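What the coordinates show
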Amino acid sequence: MGLITAPRNCWYVVGTSGDFPSGDLQGRVVCNRPIVIWRTSDGDVLAYDDRCAHKRFPLSKGRLMDDGTLECAYHGMRYDVSGKVVVIPSHPTGPISPQAKLKPFPIIEQDQLVWLWPGDASKCETRKPPRTPEIADADWDTVIGEPMDTPANFMLLVENLLDITHFYPLHDGNIGDLANSLIPIELEEGDEDGNHYVKTIRCVQNYKQPPYLVDWFHYETVDREHTHCMQSPGFTRVVMRNAPPGKLGGGLHKGSIERGYVLMHSHTPVDDRRHIWRWYLSAPVDHMSAGDPSVSSAKRAASMFPAVVAEDLWALEQQQAMFDYSDEGYQEVFLKPDKGLRRARQIIQKMVREEEAATGSTQAAE
Ligand code: FES
Ligand SMILES: [Fe+2]
């Protein structure tokens, strides 16, 4: 297969709520669309095409004025919060064309995340962004990683996240655990809020935990459920629940005997060769680690992440570089544990085909 162009009719994370303080202009590129985003003094987050209607100057390099208008840094045209031009300095008394306005993009702020729909705005109600309730819940301790500008197609990360058989050898020395790769996989699929998800489920009993999981979650031998779910092309949710043998089933929450985490990943395509990867790790707020009882399980686990993520980034970059060569003479082989990521790829390809059929072209979902 070649690289997959991301579907645009999908919600993608553009930042956390805290990334958008009022009065601060920010530029993003999502699925090849340049976008300016800001929070108004009323608290709403707005998103428009980042190109000034006059000469394409990036509006995210402009400034917000005291009256709430956005001033372009080139010739000073000003836009109101509805995206309409309301001031043209070079002809202050002339009429303003109704064409002088910006294309808006749907935005949803939910559970401390800000989501953008880069596709056909008339379809944005057909799907909803996945919920991330743990991030905003005081019963959960959440660590949020810095956004990582990742030089690889977003699908390579989706496949990486749904695949734990790479823990050995890629993560040998930190979270590497070859026994993990041998656990049989169940697959679940379904629809939630308009998104078709695929989930891999790995269940084990009387499993001897590798040292790092004992350090984070205490128990040496466990019953364990480990799930990886691509909830949408922009979001993957990983849940690990561990309990002493025979005790799994009460759920993971504050005060629970189950220990573990919810590890969420957003993967927001910039273009075919680049995406922004961010992770959000939550564990019940009263779960302290065994390795350092003064440090929460969430923070203890998160402290290992930069090293793990650096190894994944290295792998993604190496893979991406190999797509520069023609597929001539090359054939990709799917292994049994790849069934989840294979379905993920098919789900995303179907979305892309549907968009292409609706518009009659590629990447033109207007
Ligand atoms: S390019 Fe923005 S005002 Fe001219
Ligand atoms: Fe990894």
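Please read these numbers as outputs of a predicted model, since none were measured by experiment. Counting of residues starts from 1 at the beginning of each chain's written sequence and follows it residue by residue. Each chain gets a letter, beginning with A, and each ligand a number, beginning with 1, in the order they are written. Where local features are concerned, this predicted model is filtered to residues with pLDDT of at least 70; where side-chain atom pairs are given and counted, the filter is 80 or more; whole-chain, interface and lining totals use all residues.

Observations regarding the sheet that holds strand 2 (residues 26-30)
Only strands that DSSP links by at least two bridges are regarded as paired with each other. A run of DSSP states H or I qualifies as a helix once it reaches four residues; a run of E qualifies as a strand once it reaches two. Both are numbered from the N-terminal end. Taken in spatial order, the 3 strands make up an open sheet running 2-3-4, and their pairing is antiparallel. In the strand order of this sheet, the two ends are held by strand 2 and strand 4 (45-49), each with one partner. Adjacent strand axes in the sheet meet at a mean angle of 30° when their direction is disregarded. For strand 3 (residues 33-39) and strand 4, the ladder comprises 5 bridges, and the chain directions are antiparallel. Within strand 4, the position partnered with R39 by the bridge is V45. Inter-axis angles, ranging from 0 to 180 degrees, are taken between N-to-C directions of lines fitted to C-alpha atoms, where helices are fitted over the stretch in contact.

Quick word on the domain arrangement of the chain
Partitioning the chain into domains gives domain 1 (12-126) and domain 2 (133-356). If you average the C-alpha positions of domain 1 and of domain 2, the two centres end up 34 Å apart. With 13 residues of domain 1 at the contact, the number on the domain 2 side is 13 residues. Here the element with the most residues in the side of domain 1 that touches domain 2 is strand 1 (residues 12-16); it accounts for 4 residues. Three categories are distinguished: nonpolar for Ala, Val, Leu, Ile, Met, Phe, Trp, Tyr, Cys and Pro, charged for Asp, Glu, Lys and Arg, and polar for the others, with Gly belonging to the last. Its residues placed into classes, the side of domain 1 that touches domain 2 shows 7 nonpolar, 5 polar and 1 charged. An automatic or database domain assignment is the source of the domain bounds shown. Whether two residues are in contact depends on their C-beta atoms, placed from the backbone: they are in contact if these lie within 7 Å.

A look at the environment of V30
Examined against the element boundaries, V30 turns out to sit in strand 2. Exposure classes come from backbone-placed C-beta atoms, where a residue is buried if 20 or more other C-beta atoms lie within 10 Å of its own, exposed if 12 or fewer do, and partly exposed in between. The class for V30 is buried, based on 27 C-beta atoms found within 10 Å.

Digging into the sheet that holds strand 6 (residues 70-71)
Ordered by their spatial adjacency, 4 strands build an open sheet running 5-6-7-8, and the pairing between neighbours is antiparallel. Of all strands in the sheet, those bounded by a partner on one side alone are strand 5 (63-64) and strand 8 (85-87).

Describing helix 4 (residues 297-322)
End to end, helix 4 covers 38 Å across 26 residues, agreeing with the expected 38 Å (1.5 Å per residue, within 8%). Fitting one axis to the seven residues ending at a residue and another to the seven starting there, the bend at that residue is the angle between the two axes. The sharpest bend along helix 4 comes to roughly 40°, located at F305, with the proline P306 sitting one to four residues further on. Looking at the buried side of helix 4, the elements it contacts are strand 11 (140-144), strand 12 (148-150), helix 1 (154-161), helix 3 (211-217), strand 17 (259-271) and strand 18 (274-284). Each residue after the first adds 1.5 Å to the expected span of a helix.

Quick word on helix 1
Along an α-helix, residues three or four positions apart point the same way, because every turn accommodates 3.6 residues. Counting buried positions along helix 1 gives 8 out of 8 residues, so the element sits mostly inside the fold. Within helix 1, burial applies to F154, M155, L156, L157, V158, E159, N160 and L161.

Considering the packing of helix 1 against helix 4
Running from N to C, helix 1 and helix 4 cross one another at 130°; their axes reach a closest spacing of 10 Å. As summarised for this structure, helix 1 and helix 4 are arranged oblique, according to the angle between their axes. The handedness of the crossing between helix 1 and helix 4 comes out as right-handed. Contacts between helix 1 and helix 4 involve L156, L157 and N160 from the former and D312, A315, L316, Q319 and Q320 from the latter. Of the residues belonging to the contact of helix 1 with helix 4, the class tally is 4 nonpolar, 3 polar and 1 charged. Each angle gets one of four labels, with under 35 degrees taken as roughly parallel, over 145 as roughly antiparallel, 65 to 115 as roughly perpendicular, and the rest as oblique. By definition, turning the near helix anticlockwise from the far helix through less than a right angle yields a left-handed crossing, and turning it clockwise yields a right-handed one.

Some points on the pairing of strand 10 (residues 113-116)
Judged by which residues are buried, strand 10 turns out to be covered on both faces: L113 and W115 on one side and V114 and L116 on the other are all buried. Relative to strand 10, strand 1 runs antiparallel, the two sharing 4 bridges. If you follow T16 over to strand 10, its bridge partner there is L113. Judged from the 4 bridges that link them, strand 9 (residues 107-110) and strand 10 form a sheet pairing that is antiparallel. Bridging across to strand 10, I108 finds its partner in W115. Here strand 9 folds back onto strand 10, and the loop between the two strands holds 2 residues, one of which, D111, carries a positive phi near 50°.

Some points on the packing of helix 1 against helix 5 (residues 339-359)
Helix-helix packing is described using two parameters, namely the angle between the two axes and the distance between the axes. Two elements in contact, helix 1 and helix 5, have axes separated by 9 Å at closest approach and are oriented at 145°. Crossing of helix 1 against helix 5: the hand is right-handed. On helix 5, the residues that touch M155, V158 and E159 of helix 1 are L341, A344, R345 and I348. For the contact of helix 1 with helix 5, the class distribution of residues is 5 nonpolar, no polar and 2 charged.

Details of unusual backbone geometry
Note that the residue after Y168, namely P169, is joined by a cis bond; omega there is 10°. By secondary structure assignment, the location of P169 is in helix 2 (residues 167-170). Phi angles above zero are rare outside glycine, and Q112 is one such case at about 75°. Tracing the backbone through its elements, the reader meets Q112 in the loop between strand 9 and strand 10. The backbone of H218 sits at a positive phi, close to 80°, despite the residue not being glycine. Note that H218 resides in the loop between helix 3 and strand 15 (221-232). Classification of H218 as partly exposed rests on a count of 19 C-beta atoms within 10 Å.

Description of the environment of P118
Within the secondary structure, P118 is located in the loop between strand 10 and strand 11. What makes P118 buried here is the crowd of 27 C-beta atoms within 10 Å. Sequence separation of P118 and Y261 is 143 residues, and the distance between their C-alpha atoms is 31 Å. Excluding residues within four positions of it along the chain, P118 makes contact with R8, Y12, V30, C31, R33 and F105.

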